[in-house]
Amino acid sequence: MKILVTGGAGFIGSHLVKRLVKKYPEYLIFNLDALTYAGNIENLREVQNHANYKFIKGDISNGIFIENLFNSYQFEGVIHLAAESHVDRSISNPTVFVKTNVLGTVNLLNSSINIWKNDLKNKRFYHVSTDEVYGSLASKGLFNEQTPYDPKSPYSASKASSDHFVRAYGKTYNMPYVISNCSNNYGEFHFPEKLIPLFINNIINSKPLPLYGDGNYTRDWLYVKDHVNAIDLLFHKGKNHETYNIGGFNEYKNIDLVRLLCKKMDQKLGREHGSSEKLITFIKDRPGHDKRYAVDANKINKELGWKPSITFEEGLDKTIEWYINNSEWLESIASGKYKEYYKNQYNR
Ligand code: NAD
Ligand code: DAU
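Cut-offs used in this document
Residues numbered from 1 in each chain as written. Chains lettered and ligands numbered in written order. Predicted model: local features only at pLDDT ≥ 70, side-chain atom pairs only at ≥ 80, totals over all residues. Heavy atoms only, no water. Helix = DSSP H or I, 4+ residues; strand = E, 2+ residues; numbered from the N terminus. Contact = heavy atoms within 4.5 Å. Pairing = 2+ DSSP bridges. Axes fitted to C-alpha atoms, helices over the stretch in contact; angles between N-to-C directions. Buried < 20%, exposed > 50% of the residue type's maximum accessible area, 1.4 Å probe, protein only. Phe/Tyr/Trp six-rings, centres within 6.5 Å; stacked < 30°, edge-to-face > 60°. Near = heavy atom within 4 Å. Polar contact = N/O pair within 3.5 Å; in protein donor to acceptor, adjacent residues only side chain to side chain. Nonpolar A, V, L, I, M, F, W, Y, C, P; charged D, E, K, R; others polar. Core = buried A, V, L, I, M, F, W, Y, C linked by side-chain atoms within 4.5 Å.

Visitor: Would you mind going over the environment of Val258 with me for this structure?
Guide: Along the chain, Val258 falls in helix H8 (residues 254-269). In the structure, Val258 is positioned 252 residues away from Thr6 in sequence and 32 Å away in space, judged by C-alpha atoms. Not counting residues up to four positions away in its chain, the partners in contact with Val258 are Phe199, Leu209, Leu211 and Ile280.

Have a look at this one:
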């Protein structure tokens, strides 16, 4: 089977590609990635010489390039992760989110249906989406697959739009698809613009920890390898034209998560208890900041038996240890353009 993974040089995509290449030697895994600031070919070093793996550099928003690619390789499955993924960047530069997340998805849908239309059997377009499409929850309740869409940021609006296109292609052209909407991931190879890797990097370097607003915002955290495990399962066994929510059953308020992270980092770095917590700095809130996300992942649990394999504390320990032991990965990112981004975002 020839499978195209898009965005496979990013955080979740690189974990997925490594899993698929190693677990399915009989598949050919093609990794298409534009290598934007978030894509890092180094994330794939352990599979780069595998016979069933091929990297292709390219932009999904270029429709002609995508059409030629599909005509040349005749992929049988697509697992689509390529996206602009950071909410703060979508607030300062929304247009690129429309280009990649909406137009890029439509280009992939067009080229898939074009080569599949005469024989839809054993074909699948898997669209990886986010729980942010559902908007924000009050203090009670969970997002389930029936929750109406109510995106609040340019990022989530672009992801919601791409989800609608996938479903519309299902209705209009009978496109065989599965969509999953997942909660916040964390783990190794996470770009240090997102809360957990940003704060790990800042603690290592004794820099302020910029917490938005009062820190009383809630997210539902899932270890990245558990998300990738769910994607593998749904790609193979999810029902056609269905949506599945994926989550960690693990809600944390940002302030509580950051305090836990500080405590663990003090222990692992051999620093005095309480020293990292002193770095917490409350700053101006993110505009339109969603109050709470929490996912009901019972559908995938009941249908396919999926559940997170490790606890948040175990996953956080693994993650912190990886960042401490892979300082050269962090240092290579945290120079050049990253410094510029950081200064613009945090005014420091
Ligand atoms: P990421 O930002 O780490 O990686 C995105 C990858 O896409 C990068 O390698 C980048 O180079 C590539 N890319 C960007 N624009 C491209 C383009 N025009 N053409 C080709 N490649 C392009 O993102 P991530 O956190 O790994 O997220 C992957 C997917 O999962 C996204 O679709 C995101 O919406 C979704 N998701 C993420 C999370 C999370 O917590 N990180 C949770 C739920 C869903
Ligand atoms: O819910 C899934 C989504 O999770 C994914 O679709 C997105 O791609 C991913 O980026 C993530 O979005 P969030 O906006 O929830 O993640 P982020 O790490 O940016 O922020 C997590 C929380 O931490 C959020 O409440 C904002 C807060 N935060 C974040 C940063 C970067 C801060 O307080 N300070 C910060 O500097």
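Picking up after the structure, the text goes on.
Visitor: So what exactly am I meant to see when it comes to the sheet that holds strand S9 (residues 218-223) here?
Guide: Strand pairing in a sheet relies on backbone hydrogen bonds, with the paired strands running either antiparallel or parallel. Strand order in the open sheet made by the three strands is S7-S9-S11, with mixed pairing throughout. Only two strands of the sheet have a single neighbouring strand rather than two, namely strand S7 (184-186) and strand S11 (251-253). Sheet twist, expressed as the mean angle between neighbouring strand axes with direction ignored, is 50°. Bridge count for S7 against S9 is three bridges, and the pairing is parallel. By the bridge assignment for S9, Asn185 is matched with Leu222. The strands touched by helix H7 (residues 224-237) within the sheet are S7 and S9, with S9 carrying the most contacts at an inclination of about 70°.

Visitor: I tried to follow the side chain of Lys194 on my own but got confused; where do I start?
Guide: Locating Lys194 in the fold gives a position in the loop between S7 and helix H6 (195-204). With sequence-adjacent residues up to four places away left out, Lys194 is seen in contact with Ser85 and His86.

Visitor: Please explain H6 as it appears in this structure.
Guide: Side chains three or four residues apart in an α-helix point the same way, a direct result of the helix having 3.6 residues per turn. The element H6 is extensively covered by neighbouring structure, given that eight of its ten residues are classed as buried. Within H6, the full set of buried residues consists of Ile196, Pro197, Leu198, Phe199, Ile200, Asn201, Asn202 and Ile203. Ser206 sits one or two residues past H6 and shows a positive phi near 50°.

Visitor: Could you clarify how one ought to interpret the packing of aromatic side chains in this entry?
Guide: Any two aromatic rings considered together are summarised by their centre-to-centre distance and by the angle between their planes. Enumeration according to the criterion identifies 24 aromatic pairs in this entry. Relative to Tyr155, the ring of Phe97 has its centre 6.3 Å away and its plane inclined at 80°; by these criteria the two rings are edge-to-face. Placement of the pair is Phe97 in helix H4 (residues 95-116) and Tyr155 in helix H5 (residues 154-173), with a sequence separation of 58 residues. A single burial state applies to Phe97 and to Tyr155, both of which are buried. Aromatic rings pair up to connect Tyr37, Phe191, Tyr212, Tyr338, Tyr341, Tyr342 and Tyr346 into one cluster.

Visitor: Please explain the site of ligand 1 as it appears in this structure.
Guide: The immediate surroundings of ligand 1 are formed by 28 residues, with Asp33, Asp59, Ser85, Tyr155 and Lys159 found nearest. Ile12 is positioned with one of its backbone polar atoms (N or O) 2.8 Å from an oxygen atom of ligand 1. Measuring from an oxygen atom of ligand 1, one finds a backbone N or O atom of Thr36 at 3.0 Å. Secondary structure elements with two or more residues in the shell around ligand 1: helix H1 (11-23), strand S5 (124-130), H5 and S7. Top element by residues in the shell around ligand 1 is S5. It accounts for three residues. Partitioned by chemical class, the residues of the shell around ligand 1 number 13 nonpolar, twelve polar and three charged.

Visitor: Please explain the nonpolar core as it appears in this structure.
Guide: Buried together is how nonpolar side chains tend to be arranged in soluble globular proteins. Counting 41 residues, the largest nonpolar core has Val5, Ile79, Tyr126 and Ile246 as its most contacted members. Contributing elements (two or more residues each) for this core: strand S1 (2-6), H1, S5, strand S6 (177-182), H7 and strand S10 (242-246). Leaving out residues up to four positions away in the same chain, Tyr126 has contacts with Val78, Ile79, His80, Val178, Ser180, Ile231, Leu234, Phe235 and Ile246. By size, the runner-up hydrophobic cluster in this structure holds 34 residues, among which are Ile200, Ile255, Trp322 and Leu330.

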